[in-house]
Structure formats: C-alpha cells, structure tokens
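Understanding the architecture of this molecule
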Amino acid sequence: MTHVEDELTSQPECWTRAAAAAPGHREALPAPGERVAIVGCGTSYFMAQAAAMLREGAGQGETDAFAASEFPLGRSYDRVVALTRSGTTTEVLDLLGQLKGRTRTVAITADPDTPVMQAADDIVVLDFADEQSVVQTRFATTALTLLRAHLGLHNDAVVDDGRTALATPLPEGLVGCTQFTFLGRGWTVGLANEAGLKMREASLAWTESYPAMEYRHGPISITTRGTATWMLGDAPEGLADQVRATGGLWIPGGLDPLAELVRVHRLAVAVAAARGLDPDRPRHLTRSVILAP
C-alpha cells in the first residue's frame, strides 16, 4: 500500500477527531461578524475557497480566499487564516511576516516543529492528520472539517458518507476514461478545483474544473465518449442529461461533497496504478515549496 492509500483511508477518523477538537480552538478561529481572509497554496488554496464560501454562506461575515502569493495587502481584514500542512511554504511564511503586527493571523498546520509556529499569532495543530505523502489528502479534508465544525456545519452523517466512499466500488469504466471534469456549486467549487489537482498530481490525468453552471458555456464541447464529468454536490437541472447526450460518463455526487472528494482520491490512485505510476512520487513535486532567498 502506498502512503497516499494509507492516508486517504484514515480520513473519516481524522474528521471525527477534528470536529471534537473544534470547540477548543474557538478563540483562535474567526468569530461571527469578523471580516476574514483564508489563504493557502495549492491544495490549501482550494480548501480556503471552500471554507470561505461556507463561512459567508452561513452568515458569519464577509470571507475571501486567496493564494498566499496573491493576497491584496491593501485590504483590511480582522483576521487572516493560513492553511499550511508543512508549516514551511515560502509564500505563506512571507505573507504572515508582512501581516505581523497589522492583522491577527492564525495558522492551521500539521507540523508543530516548523517556522509557522512563530510566524502566526495563533496556531491550530492537526498533527494526527499529518502525512508522509507529497500528495495531500487527509490533512486538507481534516482542516476543512475543523472549519465546518467551527461553523456548526459538521455532523456524523459526513463521517458515515466518508466511510461509504471508501467501501463502495468506483463506477464501472471510470478508471479507463481519458479526461475528467469536476464541477461544483458554491463551496464545492473549491472541492472541484482540488479534485482536478489531485488527479493531475497523482496520475498525470487530463482534468479540468468549473462552477457547474459555467460548464455549458464552452467546456461541455470536450465531452464525448471516453470522458467523465463528476458533479460534487447538487447538479443544475438538466445538466446530467446534456452530458449523457454527448456520450460522456456522468458521475452524480450522491454523498456529502467532502466524501465525494474521498472517492476522487481513490480514483487518482486507481488511475495511477493503471498507468504504472507511483502516486507517492509525483513528477516534479515536493511535499513543500521552499524558495531560496
């Protein structure tokens, strides 16, 4: 078993632990009414997108998401939340340094022995969700679960769906597809972006991701026999029929969207295996991007 396989199968248990820990981090995490930005790089940026939409949708306050390298320093926020598994990513550390003394910051990380511990004002350590793999799975979904629980949006059904996602066979013919498109709405647009990234990282697959309503505005033109379109969350009316009419494979998102992402993790490993690739050694990637001064 690869590190990725071992780590992705532990996600339901990690989610349970993160949800239980959330009340203990209430002071570090954003309070209702605060103007908040959530930042990250790569996978963490896409989790930031999902978390920002969830928080604003819950009526907790204006919430933006940015790649750490693209943060608008001219804007004013009450708190900035940085997601960083490694605690060593250059762009995140640089941003936290620029915000020091100006804006309250909190870092959610997996490693308590890294520079981010001194860079942020508050720290949430999810060391039980740390990973050996380059490709993120459980840390990303566990950090998002922590934030969902903080918003009162997590329940046991999410964990049950996660276990179902691990136990249920993938749809027939999916592994053999030549192209994958992931669609989302609202907070699941971030998950769709992450699903596409996961497939690219682990299996070198041709993937795209879009807000679901945008799919009709051009991207559906690539859909044909041998391609797959996967909906994370509820689909717009009529879209499934349009995709099926092209000859493409439509995958409905019947589980909680976070559990659907677990199914994507499994698909990425399966496609990698079918192509003779090692998902623990993705091409050109390292566990953390650390730039030389």
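Our structure is the block above this text.
Here the structure is a predicted model, which is why all the values come from computation and not from measurement.

Here we take up the sheet that holds strand 9 (residues 249-251). Read from one edge to the other, the open sheet built from 4 strands follows the order 7-6-8-9, with strand pairing classed as parallel. A single partner strand is all that each edge strand has here, and the edge strands are strand 7 (207-211) and strand 9. On average, each strand axis in the sheet is tilted by 20° relative to the strand beside it, whichever way the strands run. Sheet analysis places strand 6 (residues 179-184) next to strand 8 (residues 227-232), joined by 6 bridges and oriented parallel. If you follow F180 over to strand 8, its bridge partner there is A228.

What follows is about the environment of A167. Assignment of secondary structure puts A167 in helix 7 (residues 156-167). For A167, a relative accessible area of 65% puts it in the exposed group. Spatially, the C-alpha atoms of A167 and Y215 are 30 Å apart, while their sequence positions differ by 48 residues.

With that settled, the discussion passes to the environment of H3. Take H3: it is sitting in helix 1 (residues 3-8). With a relative accessible area of 35%, H3 lands in the partly exposed category. Through-space distance from the C-alpha of H3 to that of V135 is 9.3 Å; in sequence the pair is 132 residues apart. Side-chain polar atoms of H3 contact the side chain of Q132, separated by 3.5 Å.

It is the contact of helix 8 (residues 188-203) with helix 10 (residues 257-274), at a shortest axis distance of 8 Å, that shows an interaxial angle of 15°. It follows from the interaxial angle that helix 8 and helix 10 lie roughly parallel. Crossing geometry of helix 8 relative to helix 10 is assigned as right-handed. Of the residues in helix 10, those in contact with T188, L191, E194, A195, K198, M199, A202 and S203 of helix 8 are P257, L258, L261, V264, H265, L267, A268, V271 and A272. Of the residues that constitute the contact of helix 8 with helix 10, the class distribution is 12 nonpolar, 3 polar and 2 charged.

Rules behind the numbers
- Residues numbered from 1 in each chain as written.
- Predicted model: local features only at pLDDT ≥ 70, side-chain atom pairs only at ≥ 80, totals over all residues.
- Heavy atoms only, no water.
- Pairing = 2+ DSSP bridges.
- Helix = DSSP H or I, 4+ residues; strand = E, 2+ residues; numbered from the N terminus.
- Axes fitted to C-alpha atoms, helices over the stretch in contact; angles between N-to-C directions.
- Buried < 20%, exposed > 50% of the residue type's maximum accessible area, 1.4 Å probe, protein only.
- Polar contact = N/O pair within 3.5 Å; in protein donor to acceptor, adjacent residues only side chain to side chain.
- Parallel < 35°, antiparallel > 145°, perpendicular 65-115°, else oblique.
- Left-handed = near helix turned anticlockwise from the far one by under 90°.
- Contact = heavy atoms within 4.5 Å.
- Nonpolar A, V, L, I, M, F, W, Y, C, P; charged D, E, K, R; others polar.

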